[in-house]
Structures are given as C-alpha cells and as structure tokens.
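# Tertiary structure, described
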Amino acid sequence: MVKQFHLLLDELDIGQALDGLRGRQEAWANTAVFLRDGSFPGEPFLCEECSSEDEALKIAGHYRRIIDQIEGQLAAQGGL
C-alpha cells in the first residue's frame with residue numbers, strides 16, 4: 001500500500017508548486033512530440049532524457065495526475 005501524506009501549505013506555495021508541476025508536465029509532453037516527430041514546431045525547449053516517446057508520455061501523464069489531484073482537492077476546499 002502506498003503511504004499518503006496530508007500537507008498544509010498556503011495558497012501562494014500551492015500556486016508555485018502547481019506552476020512547477022505544469023512546467024515539468026509540459027516538458028515531458030514536448031519531449032514525446034519531439035521523439036515522435038523528430039522535431040518540435042513550437043518554441044525551443046530542452047528535451048528530457050528518456051528512451052522512448054512512450055516513456056515520455058507516461059511521465060507526462062504522471063505529472064498530469066498529480067496536478068489533477070491537487071486541483072481537485074483545492075476545488076473541494078473552495079479553490080485558490
């Protein structure tokens with residue numbers, strides 16, 4: 001069983017944490033596009049180190065799930 005923790009943070013800290021998580025999710029999603037297409041049509045970015053598009057998509061999805069969980073808990077408490 002996975003151990004769960006309850007954290008108490010102020011809204012500024014939560015906003016900063018979400019910004020960081022969104023940046024990581026976007027970096028991994030962009031890496032997947034680059035690995036699939038061989039180029040990236042948007043602004044330049046740093047490609048993450050991984051072995052395949054599938055791996056990059058899984059990591060991007062993991063970040064997306066974390067963000068969704070945090071946002072869901074915030075919404076249940078009245079949001080930011």
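Here is a short report on the structure shown in this document. (Residues numbered from 1 in each chain as written. Predicted model: local features only at pLDDT ≥ 70, side-chain atom pairs only at ≥ 80, totals over all residues. Heavy atoms only, no water.)

## Thoughts on helix α1 (residues 11-37)
- The terminal C-alpha atoms of α1 lie 38 Å apart, and with 27 residues this matches the ideal 39 Å at 1.5 Å per residue to within 8%.
- Considered for burial, the residues of α1 that qualify are Ile14, Gly15, Leu18, Leu21, Gln25, Ala27, Trp28, Asn30, Thr31 and Ala32.
- On its buried side, α1 packs onto α2 (53-76).
- You can read the cap of α1 off the contacts: a side-chain oxygen lies 3.1 Å from the backbone nitrogen of Leu12, and it is on Asp10. (Helix = DSSP H or I, 4+ residues; strand = E, 2+ residues; numbered from the N terminus. Expected span 1.5 Å × (residues − 1). Buried < 20%, exposed > 50% of the residue type's maximum accessible area, 1.4 Å probe, protein only. Contact = heavy atoms within 4.5 Å. Polar contact = N/O pair within 3.5 Å; in protein donor to acceptor, adjacent residues only side chain to side chain.)

## Regarding a nonpolar patch on the surface
- A contiguous nonpolar surface patch, about 380 Å² in accessible area, is contributed by Phe5, Leu7 and Leu9.
- The exposure class of Leu9 is partly exposed, given its relative accessible area of 44%. (Patch = residues over 30% accessible without salt bridge, like charges linked within 9 Å, V, L, I, M, F, W, Y side chains within 5 Å. Areas by Shrake-Rupley, 256 points an atom, 1.4 Å probe, with all protein chains shown as cover. Salt bridge = Lys/Arg side-chain N within 4 Å of Asp/Glu carboxyl O.)

## Focus on the packing of aromatic side chains
- Throughout the structure, instances matching the rule amount to two aromatic pairs.
- Ring plane angle 80° and centroid distance 6.4 Å describe the contact between Phe34 and Phe45, whose orientation is recorded as edge-to-face. Of this pair, Phe34 sits in helix α1 while Phe45 is found in the loop between α1 and α2, placing the two residues eleven residues apart along the sequence.
- Owing to a relative accessible area of 24%, Phe45 belongs among the partly exposed residues under this scheme.
- Seen from their ring centres, Phe40 and Phe45 are 4.8 Å apart, and the 70° between their planes marks the pair as edge-to-face.
- The class for Phe40 is partly exposed, based on a relative accessible area of 25%.
- Through pairs of rings, three or more aromatic residues link up here, namely Phe34, Phe40 and Phe45. (Phe/Tyr/Trp six-rings, centres within 6.5 Å; stacked < 30°, edge-to-face > 60°.)

## Observations regarding the side chain of Glu48
- Within the secondary structure layout, Glu48 lies in the loop between α1 and α2.
- For Glu48, the contacting residues outside a window of four places in its chain are Arg24, Ala27, Trp28 and Thr31.

## Some thoughts on the nonpolar core
- By size, the foremost hydrophobic cluster in this structure holds five residues: Ile14, Leu18, Leu21, Ile67 and Leu74.
- Listing elements by their share of this core, those giving two or more residues are α1 and α2.
- The dominant element in this core, judged by the number of residues it contributes, is α1, at three residues.
- Not counting residues up to four positions away in its chain, the partners in contact with Ile14 are Leu9, Ile70, Leu74 and Leu80. (Core = buried A, V, L, I, M, F, W, Y, C linked by side-chain atoms within 4.5 Å.)

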